[in-house]
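What follows is each chain in one-letter form.
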Amino acid sequence: MIAELLLQQADVDLTLAGRRLAKVQAVADELRQKHENRQISAIQVDAGDLAGLEKAFARADFVVVSSSTIEHTRFVAEAALKAGIGYFDHQPTSRDKIATLKSLKTRIIEAGCCFITEGGVIPGLPAMLVRYLAPRFDRLESAQVAFVMQDDKAPSPETLIELKTQWKQYQPLVFKQGTWQLAEQMVEFDFTESFGTKPCMACYLDELESLPKEIASLREVGFYIGALASNWFMRWVARPITSLIPTRSLGFRRLSARLLSWGIRFNPPPYLMMIMVEGRGWCNGESVFMRLRLSHPSSYFVTAASSVACLLQYLSQDIPPGLWYQADAVDDERMLSDLQRLGVKVEIETVASH
Ligand SMILES: NC(=O)c1ccc[n+]([C@@H]2O[C@H](COP(=O)([O-])OP(=O)(O)OC[C@H]3O[C@@H](n4cnc5c(N)ncnc54)[C@H](OP(=O)(O)O)[C@@H]3O)[C@@H](O)[C@H]2O)c1
């Protein structure tokens, strides 16, 4: 999806790299039929093979890491640095990934490379949405971002294992009374008639850290995730079985992830991803509430669209060399208008009261 959108939106040639050549070759062949005037090729590369990565990157200008390969971040980043190319990933937020990339920051800057991490939607959009709201207030005092999604298409068991591993690191922190502190309770958000009002739990994202310093009027900021969908198979089959499976061995973890991945197909509609920011503050002496909602039937599409919207800003040379989070790197006005142009529904409502 990222490759297709990139070819539609930018003048680029692409090499699709994957550890199974037949799979990436089939996608490359399909793309070549639609985009005849582009150079589109496929190569076999395993993200755990440093020499293979170096060979692949020697012929590239930029790498988009769209695989569940957080454990290989150092190899991918080192190979990109050695080749002197740019880097983008939209993997889950991860302390290890961020620490690895930060340890390379000086070398990234010295090499004049542009590395963008924490791309996509979550991470990727929350801090950007707060920045979008801030200038619309004279004084923005509270900004709460909330996310919910329901899909019947599951990522691979390996991706689920990666997500589960990272999820364990997440902390329920929100910014309140001048400090990041543990959230005391779930908070309810209105996800329209699609999902109704859902209790959501706080989840700290690194990209939010700088917001209270940047927007001096902010008293409260947080990111919240709505309870994930469940279905009869998950409730009565997958979860009871997986709770009995020991998680110490990788084999058992794969088995458990396969069961959960299979169970996602029983999720009932609506299939929708929604992310919104609710801002409270003051404008012209009036108390103002503003809500900005982004939604789309496919969470995969929004991840691809957000990644491509960021890459378009890189390609137009609007992101200087250095190590960036997507949310910090992009111009929020352009990002939102590109997301809308690509097909993401954007709604904004404002209520003012004396
Ligand atoms: N930031 C966001 O908003 C956001 C949203 C969605 C997903 N994500 C993240 O994006 C990544 C991809 O997600 P997805 O849903 O596309 O997952 P997916 O459908 O499960 O695909 C994972 C891909 O990674 C490849 N892969 C795994 N290990 C590899 C290795 N050692 N070398 C090369 N390729 C390898 C797999 O190749 P094979 O086909 O050979 O198995 C597969 O193509 C994940 O890290 C996911 O958590 C982020």
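Note that the structure is predicted; figures quoted are calculated from it, not measured. (Residues numbered from 1 in each chain as written. Predicted model: local features only at pLDDT ≥ 70, side-chain atom pairs only at ≥ 80, totals over all residues. Heavy atoms only, no water.)

Visitor: Help me understand the overall build of the protein chain, please; the structure alone is not making it clear to me.
Guide: Secondary structure summary: the protein chain contains 15 helices and 15 strands in total. Taken over C-alpha atoms, the radius of gyration comes to 21 Å for the protein chain, in line with the 20 Å a tight globule of 354 residues would show. With respect to the principal axes defined by its C-alpha atoms, the protein chain has extents near 65 × 50 × 40 Å. Put simply, the protein chain has 354 residues, and 51% of those count as buried. (Helix = DSSP H or I, 4+ residues; strand = E, 2+ residues; numbered from the N terminus. Rg over C-alpha atoms; globule rule 2.2 N^0.38 Å. Buried < 20%, exposed > 50% of the residue type's maximum accessible area, 1.4 Å probe, protein only.)

Visitor: Where do I start with the domain arrangement of the protein chain in this structure?
Guide: Quoted interface sizes are often the accessible area lost when the parts come together. Taken as a whole, the protein chain is organised into domain 1 (2–121 + 304–329) and domain 2 (126–298 + 345–353). Taken over C-alpha atoms, the centre of domain 1 sits 25 Å from the centre of domain 2. Both sides of the domain 1 and domain 2 interface together cover about 1400 Å² of buried area, and 48% of this is carbon and sulfur. Considering only the surface of domain 1 that becomes buried against domain 2, T93, V121 and A327 emerge as the three largest contributors, covering 35% of it. There are 2 salt bridges connecting domain 1 and domain 2. (Domains from an automatic or database assignment. Buried area = accessible area lost by both parts, 1.4 Å probe. Salt bridge = Lys/Arg side-chain N within 4 Å of Asp/Glu carboxyl O.)

Visitor: Can you help me understand the site of the ligand in this one?
Guide: Around the ligand, the surrounding shell holds 25 residues, and the nearest of these are K23, H90, S156, T159 and E162. Between the ligand and the protein, one listed contact pairs a nitrogen atom with a side-chain N or O atom of D46 at 2.9 Å. The side chain of H90 places a nitrogen or oxygen atom 3.1 Å from an oxygen atom of the ligand. For the ligand, whose accessible area on its own is 930 Å², the fraction buried by protein is 81%. Among the elements that take part in the shell around the ligand, helix α8 (residues 157–167) stands out by supplying 3 residues, more than any other. Of the residues belonging to the shell around the ligand, the class tally is 9 nonpolar, 11 polar and 5 charged. The two domains that each donate at least three residues to the shell around the ligand are domain 1 (2–121 + 304–329) and domain 2 (126–298 + 345–353). (Near = heavy atom within 4 Å. Polar contact = N/O pair within 3.5 Å; in protein donor to acceptor, adjacent residues only side chain to side chain. Areas by Shrake-Rupley, 256 points an atom, 1.4 Å probe, with all protein chains shown as cover. Nonpolar A, V, L, I, M, F, W, Y, C, P; charged D, E, K, R; others polar.)

Visitor: Sorry if this is basic, but what is going on with the pairing of strand β1 (residues 14–18) here?
Guide: The side chains of a regular strand alternate between both faces of the sheet. Across the two faces of β1 the burial differs, with L14, L16 and G18 buried and T15 and A17 not buried at all. Pairing of β1 with strand β2 (residues 40–44), which is carried by 5 bridges, proceeds in the parallel orientation. Paired with T15 across the bridge in β2 is S41. (Pairing = 2+ DSSP bridges.)

Visitor: What am I meant to see in the packing of helix α1 (residues 2–9) against helix α13 (residues 299–315) here?
Guide: When two helices pack together, their arrangement is given by the angle between the helix axes and the distance between those axes. At a minimum axis distance of 9 Å, the contact between α1 and α13 shows a crossing angle of 40°. With respect to their mutual orientation, α1 and α13 come out oblique. Viewed along their axes, α1 and α13 form a crossing whose handedness is right-handed. Across the interface between the two elements, I2, L5, L6 and Q9 of α1 pack against F301, A304, A305, S307, V308, L311, L312 and L315 of α13. Of the residues in the contact of α1 with α13, the class split is 10 nonpolar, 2 polar and no charged. (Axes fitted to C-alpha atoms, helices over the stretch in contact; angles between N-to-C directions. Parallel < 35°, antiparallel > 145°, perpendicular 65-115°, else oblique. Left-handed = near helix turned anticlockwise from the far one by under 90°. Contact = heavy atoms within 4.5 Å.)

Visitor: How do you make sense of the nonpolar core when you look at a structure like this?
Guide: The tendency in soluble globular proteins is for nonpolar side chains to be buried side by side. In this structure, L125, L129, V130, I275, L292 and L294 are the most contacted members of the largest nonpolar core, which totals 72 residues. Counting residues per element, this core draws most heavily on α13, at 9 residues. Domain assignment of the residues forming this core places at least three in each of domain 1 (2–121 + 304–329) and domain 2 (126–298 + 345–353). Aside from chain neighbours lying at most four places away, what touches V130 is L140, A143, V145, L211, I215, L218, V221 and V277. Listed in part, the 21 residues of the second largest apolar core include I43, L53, A79 and I85. (Core = buried A, V, L, I, M, F, W, Y, C linked by side-chain atoms within 4.5 Å.)

Visitor: For this particular structure, what's the right way to read the sheet that holds strand β14 (residues 322–325)?
Guide: The strands making up a sheet are joined through hydrogen bonds of the backbone, oriented either antiparallel or parallel. Strand order in this open sheet of 4 strands is β3-β4-β5-β14, and the pairing throughout is parallel. The open sheet is flanked by β3 (62–65) and β14, the only strands paired with a single partner. Each neighbouring strand pair of the sheet contributes to a mean axis angle of 10°, computed without reference to strand direction. Relative to β14, strand β5 (residues 114–117) is paired through 4 bridges, and the arrangement is parallel. Its bridge partner being in β14, I116 is matched across the sheet by W324. In the packing of α13 onto the sheet, contacts are made with β3, β4 (86–89) and β5, and the angle to β4 comes to roughly 160°.

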